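Coordinate inspection notes
Each chain is listed here by its residues.
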Amino acid sequence: MTESVPRPLAAVLEGSTPPGVLTWPADRPVADALAAARDAGWSGAALELAGTVDKAAFMDRCARSLRLPDWFGRNWDALADCLTDLSWCPADRGRLLVVTGWQDYAAAAPDDWSVVESVLADAVGFWRDTDTGLAVIMARGRGRRRG
């Protein structure tokens, strides 16, 4: 695995801990998490939300960044459906979603952000006892690149 990935993620990727919603240190590039996932045979995606302040922008970012299928209806139910029917996103061992810059949206639209948290937690729970789990990292920093 990539140089000392924080233990919570390492445990998920090696299969000793069920996937969940994890935090990521602000001082670590999120590219490290995505590289560790790739090294472990997981697929990974990054959802950068910096500057997102409303639901429409959030849904657009999801559609683009996650390469959601054409049937994605840009509403909460459609997002939940996409995250629980991942036939459009095959994975060998699991899937990792890294969310960065989420603090802007959480501050601008706290009620919507609460729905996002619920949708993500439900999707993680849906995939928890399968061979291809879903883990979500809520990065504390802005996803800085390796310098």
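Below or above, wherever it landed, is the structure these notes cover. (Residues numbered from 1 in each chain as written. Predicted model: local features only at pLDDT ≥ 70, side-chain atom pairs only at ≥ 80, totals over all residues. Heavy atoms only, no water.)

Bringing the environment of Leu-66 into the picture now. You can see Leu-66 is positioned in the loop between helix H3 (55-65) and helix H4 (76-84). Residues Leu-66 and Gly-20, spaced 46 residues apart in sequence, show a C-alpha to C-alpha distance of 18 Å. With residues up to four places along the chain from it excluded, the contact list for Leu-66 reads Ala-45, Leu-47, Arg-61, Trp-88 and Leu-97. (Helix = DSSP H or I, 4+ residues; strand = E, 2+ residues; numbered from the N terminus. Contact = heavy atoms within 4.5 Å.)

Under the definition given, this model contains five aromatic pairs. Seen from their ring centres, Phe-58 and Trp-76 are 5.8 Å apart, and the 40 degrees between their planes marks the pair as tilted. Here Phe-58, found in helix H3, pairs with Trp-76, found in helix H4; they are 18 residues apart in sequence, far enough to count as distant. Both rings, one in Trp-102 and one in Trp-113, keep their centres 5.7 Å apart while their planes meet at 10 degrees; by these two values the pair is stacked. In this pair, Trp-102 sits in helix H5 (residues 102-108) while Trp-113 sits in helix H6 (residues 110-127), placing the two residues eleven residues apart along the sequence. The exposure class of Trp-113 is buried, given its relative accessible area of 5%. Of the aromatic side chains, those joined through ring pairs into one cluster are Phe-58, Trp-76, Trp-102, Tyr-105 and Trp-113. Here the guanidinium or amino end of Arg-95 rests over the ring plane of Trp-127, the centre of that ring lying 5.0 Å away. (Phe/Tyr/Trp six-rings, centres within 6.5 Å; stacked < 30°, edge-to-face > 60°. Buried < 20%, exposed > 50% of the residue type's maximum accessible area, 1.4 Å probe, protein only. Lys NZ or Arg CZ within 6 Å of the ring centre and 35° of its normal.)

Turning to the sheet that holds strand S2 (residues 43-48), a few remarks are in order. Spatially, the four strands line up as an open sheet ordered S1-S4-S3-S2, and their pairing is parallel. A strand with exactly one partner marks an edge of an open sheet, and here the two such strands are strand S1 (21-24) and S2. Strand-to-strand, the axes of this sheet are offset by a mean angle of 25 degrees, without reference to chain direction. Sheet contacts for helix H2 (residues 30-39): S1, S2, strand S3 (94-100) and strand S4 (133-139); angle to S3, the most-contacted strand, approximately 175 degrees. Together, S1, S3 and S4 form the strand contacts of H6, whose direction differs from that of S4 by roughly 145 degrees. (Pairing = 2+ DSSP bridges. Axes fitted to C-alpha atoms, helices over the stretch in contact; angles between N-to-C directions.)

On to the pairing of S1, then. Sheet faces and side chains relate simply in a regular strand, where the side chains alternate between the two faces. By the alternation rule, side chains of S1 split into Leu-22 and Trp-24, which are all buried, and Val-21 and Thr-23, of which none is buried. Relative to S4, S1 runs parallel, the two being bridged by four bridges. Directly across from Trp-24, in S4, lies its bridge partner Ala-139.

Once that is clear, we can look at the pattern of salt bridges. A complete count under the given rule lists three salt bridges for this structure. With a closest N to O distance of 2.9 Å, Arg-7 and Glu-14 form a salt bridge. A salt bridge links Arg-28 to Asp-32; the shortest N-O distance between them is 3.2 Å. (Salt bridge = Lys/Arg side-chain N within 4 Å of Asp/Glu carboxyl O.)

Any functional reading would require information beyond the geometric quantities listed.
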